[in-house]
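Architecture and fold: a report
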Amino acid sequence: MMKKKSISASNASLVLFLCQMISALDVPLDSKLLEELSQPPTITQQSPKDYIVDPRENIVIQCEAKGKPPPSFSWTRNGTHFDIDKDAQVTMKPNSGTLVINIMNGGKAEAYEGVYQCTARNERGAAISNNIVIRPSRSPLWTKEKLEPNQVREGDSLVLHCRPPVGLPPPIIFWMDNAFQRLPQSERVSQGLNGDLYFSNVQPEDIREDYICYARFNHTQTIQQKQPISVKVFSMDSLNDTIAANLSDTDIYGARPVTERQPVLLTPTGSTSTKVELRGNVLLLECIAAGLPTPVIRWIKEGGELPANRTFFENFKKTLKIIDVSEADSGNYKCIARNTLGSAHHVISVTVKAAPYWITAPRNLVLSPGEDGTLICRANGNPKPSISWLANGVPIAIAPEDPSRKVDGDTIIFSHVQERSSAVYQCNASNEYGYLLANAFVNVLAEPPRILTPANKLYQVIADSPALLDCAYFGSPKPEIEWFKGVKGSILRGSEYIFHDNGTLEIPVAQKDSTGAYTCVARNKLGKIQNEVQLEIKDPTVIIKQPEYKVIQRYGQVSFECIIKHDSTLLPTVIWLKDNDELPDDERFLVGKDNLTIMNVTDKDDGTYTCIVNTTLDSVSASAVLTVVAAPPTPAIIYARPNPPFDLELTGQLERSVELSWIPGDENNSPITNFVIEYEDGLHEPGVWHYQTEVPGTQTTVQLKLSPYVNYSFRVIAVNEIGRSQPSEPSEQYLTKSANPDENPSNVQGIGSEPDNLVITWESLKGFQSNGPGLQYKVSWRQKDVDDEWTSVIVANVSKYIVSGTPTFVPYEIKVQALNDLGYAPEPSEVIGHSGEDLPMVAPGNVQVHVINSTLAKVHWDPVPLKTVRGHLQGYKVYYWKVQSLSRRSRRHVEKKILTFRGNKTFGMLPGLEPYSTYKLNVRVANGKGEGPASPDKVFRTPEGVPGSPSFLKITNPTLDSLTLEWGSPTHPNGVLTSYILKFQPINNTHELGPLVEIRIPANESSLILKNLNYSTRYKFYFNAQTSVGSGNQITEEAVTIMDEAMASRQVDIATQGWFIGLMCAVALLILILLIVCFIRRNKGGKYPVKEKEDAHADPEIQPMKEDDGTFGEYSDAEDHKPLKKGSRTPSDRTVKKEDSDDSLVDYGEGVNGQFNEDGSFIGQYSGKKEKEPAEGNESSEAPSPVNAMNSFV
């Protein structure tokens, strides 16, 4: 098998011509070198052969090529030169051959139908593209037709014909009803490949007026609809009743019930048919049968089996699908329809033809003057394709003669080439089903030797390890490479050195005396060059005192040692692990320079402790097991871990399996419960042991499954109740044979990091998964829904590839396939990725604001076109901020607030606005990259609202019959104040409330003297402000008028009387008893007299709202432990407008200010605080908040 070569991903497009080379001349992938070499043109990108374009968009015919010097481009159309300078609608991209035909600016796509071919030419040759057939897509309208209702007898079969218009490409057919719901399909009712809807037998449930066939044309993104088809189903009873007057007793419908029938094929008709399919395509065969009961379809291939892993059944087994067909799939396929009454069958004779496909495609040749070479072009097909050659795009028979060239059928032989022999040759393999065209150049170079490895490069290796000294070179003819040690040393020869073809010198076992300078000399007939590198040999790192197995009693102390010796020029780092994981974060674990100490040992400290020593050049480790046991009360039998197994033997070696046997060690008084088998891969991960399997403790042999290309060693660990034994000595090594990879990389993703790229990533296969040497990956991609050919590149064992120059945010189909020197892994599955996002291009338009009330507004906008989003649409962001408060006439900076509305919404709510204020807002669209431009600022104003409570209320200067009230205006007037409302009422000694008096005070007042009050009386005052909208929250205060001196003296005299003191003590005792009774009744859920008294004397002007007239009940403030009742935050006019309740909480966006959850619900608490009143009313005691506004939507 030919050895595969890989190229770096970054240079893939530049060095495509170096991917495939023969002869002794090889070109290293050095970017500076590649820029200096002459190169014939190579076509790197071109449009597909059959290119169907959207007639509404510009036509872009791709043709990209690389070469040195850069190539020039020309085109032919329908076989003649296409002069693009004479057509104003056609332009060619700079430094490219890609044509852009301007359809969107007056051109007609139909005028540019034809066959196009691109030629890329420079002084070393000319490469040509495929013939690119340009055809505009077509989505014609449905032909007008008059459809009669289908009247069908129950149990009969029925076919509803779709007959879609002929489009380019053909449309996708589906059936739906008037509600745009797909019609259910089953074994009885299903859609055929031609789009018709087949009923094996009609049932009454099939009656409907809206069987509608739809044709979707993907290229133009249009859907055409056929006229609705009506189906009516009649039972025999209804038919007899309907036509009894017109039918005789002997008529066909006479009294015959619905009868069962054996299967009859509806499609295909007849007993046999034929089908021709092309190699590599999908073969679809269909059989649909009528019958009652509904027939079941079965498929067989006469004289053979259906191909495994490529056969699928669709449409309830009515369709046989075979993917990737080949000539071996030709033959007779029989479908059998069967029910309880019989069967019917049909034989389809399938012939698989083949368009040409490559056996050996011609490969680029890079030769030096005087060398020989061959171009081979071998293709197969059915029928056998013919091979023809072209030189620089001209048939070779009429091309300029070249004495070094000889054509022999499918081979061109070159002898003693010269620099003038450089050219690009085209091989055309064609038959009646298609053609293949391949460009392959012959590049004759004469170059003196060059060494690409940096001078004085330093190599450091550990003693007794291999040393590889690079000498990357290039020259034409191929230089000879020689190595010397030291400046005047002799040429290196002998078995202690290995000289690689790429110039690398390998010292298999480097010793201390290998240290020194090494000189690489490259020479050919055009010159000589040399380069010197340095080699240093370091002492290996060694653990001279390893940790040892320990058994420690619970709550004791244990220490593991790890003393190392290392090269003095290397800095080691020591890491301790427990059971291959980090040490527990526990202060009991003390890590010293050369040891690990565990204090106060517990059962959970049981396990394996590993000391790992790392330097920049090597790594060593050693492990020991810690067993924690309970302290025995008396001397007893010692239970310990088992001794390791021994005498491991491998037998029955096969490619994918081997048998391992062993002898168990001493079980140390605890029976062995199981054996754990581990393996080491000495080829990929020497020194690392992996879990393989485990077997019961009674078993001493096991059959092990193996992977290809792994150098296996095995060891066995015995396990008992105490723990695990030390590992056994390793078995002998067994190297399995190489094979193709069995699996492909996982977690393949395509996400653009920039607007013009696509970053393809995957999880690389692990070493043993490669199944062979030379692990590489074939990365393929193509733009989704564009009918592009796959673009592929083979990369080294990496996990990322970046595709540059992609359109912004378009979907791509991606697949990554593993390969090694023996071949490819199975065909990988495709994933969908997207090229990079860019910021949105336009701002939302037509921004409108509808102010709903004083604290809530609704904003509308027109969505931006999805093409301008240029990424995943995240949603729309509304920025809004207060410009001015109209009541205070003061301007201050307010931070902008942001609300985000997920998805493609076109409206949203702005809650929490301040009444009687001026606001501005704008709207922006957001994607994964960021935000687009802002719409023009929109100004809106909120109307007046109810004011906040007065800032304070003070009562001073009490007299016998007057009190002085002073107050402050509301902090938040929320509009223009019209007046203040003062209500007050007396409170007697039994806490009963007297009549309520109301006074309206002008808004410009700030104090009031109340006169004509009763002396020595307590009054309760309720005070609030009003705007034109209504009253705000009230505040309360209590005050007492003073008493006259005579009354005071009488009261003092009574208070000093003994009978009065005794009476008061009796009253206090009765009140105490009453309180105890009330407390007991309250705990049992009953009412108590004080509550009844309060209910009886509730404020007559503050009554609960009724639910039956659209108002709401009473509320409870934050100091009352009763639950907040419905309607406690209704507007002051006690009404809920219907238009305010149409919007859902979903209309509220996600603000960065923390006001809303994602679902629109409010976060936080907006409740205000008021003093407790004796009677509950309909006035809210809380400050204005978004919650007040939202209650109007309940």
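See the structure above.
Our subject in this report is the structure included herewith. Because the structure is a prediction, the values reported are computed rather than measured.

**Quick word on a nonpolar patch on the surface**
A cluster of nonpolar side chains, namely Leu1069, Leu1070, Leu1072, Ile1073, Ile1076, Val1077, Phe1079 and Ile1080, defines an oily patch on the protein surface of about 780 Å² accessible area. Tracing the backbone shows Ile1076 in helix α5 (residues 1058-1083).

**Focus: the side chain of Asp605**
The topology assignment puts Asp605 in the loop between β54 (595-598) and β55 (607-614). Since its relative accessible area comes to 1%, Asp605 is described here as buried. Look past the residues within four positions of Asp605 in its chain and what remains in contact with it is Lys578, Arg588, Phe589, Ile598, Asn600, Leu626 and Val628.

**Brief notes about the sheet that holds strand β7 (residues 90-92)**
Strand pairing within a sheet occurs via backbone hydrogen bonds; the two strands may be parallel or antiparallel. Taken together, the three strands give an open sheet; going across it, the order is β3-β8-β7, and neighbouring strands pair in antiparallel fashion. Each edge of the sheet is formed by a strand with only one pairing partner; in this case those strands are β3 (59-61) and β7. In this sheet, neighbouring strand axes are inclined to one another by 20° on average, regardless of whether the strands run parallel or antiparallel. Pairing of β7 with strand β8 (residues 99-101) involves three bridges; the strand directions are antiparallel. Bridge pairing in β8 links Thr91 to Val100.

**Details of the pattern of salt bridges**
Under the criterion given, the structure shown has 39 salt bridges. Through salt bridges that share partners, Arg153, Asp156 and Arg261 make up one connected network.

**Quick notes on the nonpolar core**
Judged by nonpolar contacts, the single largest core of 29 residues is most densely connected at Ile59, Ile61, Trp75, Ile101, Tyr116 and Ile134. Looking at this core, the elements that each hand over two or more residues are β2 (50-53), β3, β4 (63-68), β5 (72-77), β8, β9 (114-122) and β11 (132-136). Counting residues per element, this core draws most heavily on β9, at three residues. Look past the residues within four positions of Ile59 in its chain and what remains in contact with it is Val53, Leu99, Val100, Ile101, Ile103, Ala109, Tyr112 and Ile134.

**What to know about the sheet that holds strand β51 (residues 573-578)**
Sheet architecture is open: five strands sit in the order β48-β56-β55-β51-β52, paired in mixed fashion. Of all the strands in the sheet, the pair left with one neighbour each is β48 (550-553) and β52 (581-582). Summarising the sheet, β51 and β52 pair through two bridges and their orientation is antiparallel. Of the residues in β52, the one forming a bridge with Lys578 is Asp581.

**Brief notes about the state of the cysteines**
Here the structure, examined in full by the defined rule, presents six disulfides. Sulfur-sulfur distance for the disulfide between Cys63 and Cys118 comes to 2.0 Å. Sign of the S-S torsion, about -70° for the bond between Cys63 and Cys118, identifies this disulfide as left-handed. Here Cys118 lies in strand β9 and Cys63 lies in strand β4, a separation of 55 residues in the sequence. A sulfur-sulfur distance of 1.8 Å marks the disulfide that ties Cys471 to Cys520. The sign of the S-S torsion, about -60°, decides the handedness of the disulfide formed by Cys471 and Cys520: left-handed. Taken together, the positions of Cys471 in the loop between β40 (467-469) and β41 (473-476) and Cys520 in strand β45 (residues 516-524) put the pair 49 residues apart, joining distant regions of the chain. Residue Cys471 shares its accessibility class with Cys520, and that shared class is buried. Disulfide connectivity for the protein chain, with bonded cysteines indexed by sequence position, reads 1-2, 3-4, 5-6, 7-8, 9-10, 11-12.

**Topic: the packing of aromatic side chains**
Geometrically, a pair of aromatic rings is defined through the distance of the ring centres and the angle of the planes. Under the counting rule described, the total for this entry stands at 22 aromatic pairs. Taking 5.7 Å as the distance between ring centres and 5° as the angle between the ring planes, the aromatic pair formed by Phe174 and Tyr214 counts as stacked. A residue pair is termed long-range when its members are at least 10 positions apart, and Phe174 in strand β14 (residues 172-176) and Tyr214 in strand β17 (residues 208-217) qualify at 40 residues. We classify Tyr214 as buried; its relative accessible area is 4%. Both rings, one in Trp861 and one in Tyr876, keep their centres 5.5 Å apart while their planes meet at 45°; by these two values the pair is tilted. Within this pair, whereas Trp861 is found in strand β73 (residues 856-862), its partner Tyr876 is found in strand β74 (residues 873-885), the two being separated by 15 residues in sequence. Grouping residues by exposure puts Trp861 and Tyr876 together as buried. Ring pairing ties together the aromatic residues Phe174, Phe180 and Tyr214, which thus form one cluster. Positioned above the aromatic ring of Tyr879 is the side chain of Arg924, whose terminal nitrogen or guanidinium carbon lies 4.0 Å from the ring centre.

Conventions used here
- Residues numbered from 1 in each chain as written.
- Predicted model: local features only at pLDDT ≥ 70, side-chain atom pairs only at ≥ 80, totals over all residues.
- Heavy atoms only, no water.
- Patch = residues over 30% accessible without salt bridge, like charges linked within 9 Å, V, L, I, M, F, W, Y side chains within 5 Å.
- Areas by Shrake-Rupley, 256 points an atom, 1.4 Å probe, with all protein chains shown as cover.
- Salt bridge = Lys/Arg side-chain N within 4 Å of Asp/Glu carboxyl O.
- Helix = DSSP H or I, 4+ residues; strand = E, 2+ residues; numbered from the N terminus.
- Buried < 20%, exposed > 50% of the residue type's maximum accessible area, 1.4 Å probe, protein only.
- Contact = heavy atoms within 4.5 Å.
- Pairing = 2+ DSSP bridges.
- Axes fitted to C-alpha atoms, helices over the stretch in contact; angles between N-to-C directions.
- Core = buried A, V, L, I, M, F, W, Y, C linked by side-chain atoms within 4.5 Å.
- Disulfide = S-S within 2.5 Å.
- Phe/Tyr/Trp six-rings, centres within 6.5 Å; stacked < 30°, edge-to-face > 60°.
- Lys NZ or Arg CZ within 6 Å of the ring centre and 35° of its normal.

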